[in-house]
Amino acid sequence: MNASLDAALAAFPGAVPIPEFLDNVSAELATRGFTLEHTFAMVSTCRDELTVPLMRAVTERLDLAFNLGALGGVPSLGRTGWNAALSHVPMHEGRGHVVVLGMTHIGFGPDGTPGESLRRHQDHPTATCGALMSILHSEGAGEPLPDALDDNEKDRLRHLMKRVSHERSGTPLGITQRAAQAVTAEMWVDLDALEAWRTMDVAAYCGVQVHVQDHEDLIAVTDAQFVGADGVRTSLPT
Ligand SMILES: [Zn+2]
């Protein structure tokens, strides 16, 4: 009996453990000419230490991965960073292969409460994702900043989510799903603008990394798309 796991699976019925998610990605992309040896990985996750298992699992399979992410999991490297990342993609037989994983995240507390996690050596749950829950709590309200502090990443995260919708998201689950949409949108803004497809095949899987108490993380894919040499984006099975 794990109330956290029950709540996580009720919220994300299709979520699977990270190894299974990566197996699914590998199997799908193998049919499109991606190989473990020649595929370059880029990962966008929140700064939260709880997200590390995803990056660790990716680097164990695909060697070193470029880190795209900022608070909430949105890519936040700007044009310069994207150009750097894309310039690192190896060419094999004239073309590169890159897999991009963009995951926001949420925790489910010991009693199944969404939007929190009981972390190692702490005696009470804290917000997960902290940035998203902070935005959720201030939805519709102004938030003065003390002098000499900025909040660039949170401001940008809030801005990107407003582009998805101006409606209040209302719940931890709602704002997490909004963030996953923002991650997808922001990912493709740059990949499209830089026309990565001209020199490489690109597959992007976006969604939610779900932290479950006393259980391995799960991944819920909310969007998967591929673009190849014809420059046309198509959906991949999720
Ligand atoms: Zn976070």
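Just above, that's the structure.
Residues numbered from 1 in each chain as written. Predicted model: local features only at pLDDT ≥ 70, side-chain atom pairs only at ≥ 80, totals over all residues.

S.K.: Could you give an account of helix 5 (residues 130-137), with specific residues and numbers?
M.R.: What helix 5 keeps buried is the set Ala 131, Leu 132, Met 133, Ile 135 and Leu 136. Those residues of helix 5 hidden inside the fold are in contact with strand 7 (126-127), helix 6 (152-164) and helix 7 (172-193). (Buried ≥ 20, exposed ≤ 12 C-beta atoms within 10 Å, placed from the backbone. Helix = DSSP H or I, 4+ residues; strand = E, 2+ residues; numbered from the N terminus. Contact = placed C-beta atoms within 7 Å.)

S.K.: If you had to explain the pairing of strand 2 (residues 39-44) to someone new, which residues and values would you point to?
M.R.: In summary, the side chains of a regular strand alternate between the two faces of the sheet. Strand 2 sits mainly inside the fold: six of its six residues count as buried. The alternating pattern of strand 2 places Thr 39, Ala 41 and Val 43 and Phe 40, Met 42 and Ser 44 on opposite faces, both of which are buried. Regarding topology, helix 3 (residues 52-62) serves as the crossover connection from strand 2 to the parallel strand 3 (residues 65-67), and that connection is right-handed. (Right-handed = clockwise from strand over helix to strand, strands pointing away.)

S.K.: An account of the environment of Pro 75 is needed here, citing residue identities and associated values.
M.R.: When you line up the elements, Pro 75 lands in the loop between strand 3 and helix 4 (78-87). Spatially, the C-alpha atoms of Pro 75 and Ala 182 are 9.6 Å apart, while their sequence positions differ by 107 residues. Ignoring anything within four residues of it in the chain, the contact list for Pro 75 reads Ser 44, Leu 68, Gly 69, Gly 102, Glu 186, Met 187 and Asp 190.

S.K.: Describe helix 3, naming the residues involved and giving the relevant values.
M.R.: Among the residues of helix 3, those classed as buried are Leu 54, Ala 57 and Val 58. Seen along its axis, helix 3 keeps its buried residues to an arc of 100 degrees; they face one direction. Exposed and facing more than 90 degrees away from the buried side of helix 3 are Val 52, Arg 56 and Glu 60. Residues of helix 3 that are buried sit in contact with helix 2 (18-30), strand 2, strand 3, strand 5 (95-108) and strand 8 (200-212). Asp 63 lies just past helix 3 and shows a positive phi near 65 degrees. (Arc of directions from axis to C-beta.)

S.K.: Describe the pairing of strand 5, and please don't skip the residues or the numbers.
M.R.: Most of strand 5 is tucked away: twelve of the 14 residues are buried. The pairing of strand 2 with strand 5 spans six bridges and is parallel. For Phe 40, the partnering residue across the bridge sits in strand 5 and is Val 98. Where strand 4 (residues 91-92) and strand 5 come together, two bridges link them in antiparallel fashion. Looking across to strand 5, one finds that His 92 is bridged to Arg 95. Between strand 4 and strand 5, which pair antiparallel in sequence order, lie two residues; one of them, Glu 93, sits at a positive phi of approximately 50 degrees. (Pairing = 2+ DSSP bridges.)

S.K.: Tell me about the environment of Asp 23, and please be specific about residues and values.
M.R.: Structurally, Asp 23 can be placed in helix 2. Judged by the 13 C-beta atoms lying within 10 Å of it, Asp 23 is partly exposed. In sequence terms Asp 23 and Thr 39 are 16 residues apart; their C-alpha atoms lie 14 Å from each other.

S.K.: Please set out the packing of helix 2 against helix 3 residue by residue, giving values where relevant.
M.R.: Remark: helix 2 packs on helix 3, axes separated minimally by 10 Å, with the N-to-C direction vectors making an angle of 45 degrees. With respect to helix 3, the axis of helix 2 lies oblique. Once helix 2 is placed against helix 3, the crossing between them reads as right-handed. Across from Ile 18, Pro 19 and Leu 22 in helix 2, the residues of helix 3 making contact are Pro 53, Leu 54, Ala 57 and Arg 61. (Axes fitted to C-alpha atoms, helices over the stretch in contact; angles between N-to-C directions. Parallel < 35°, antiparallel > 145°, perpendicular 65-115°, else oblique. Left-handed = near helix turned anticlockwise from the far one by under 90°.)

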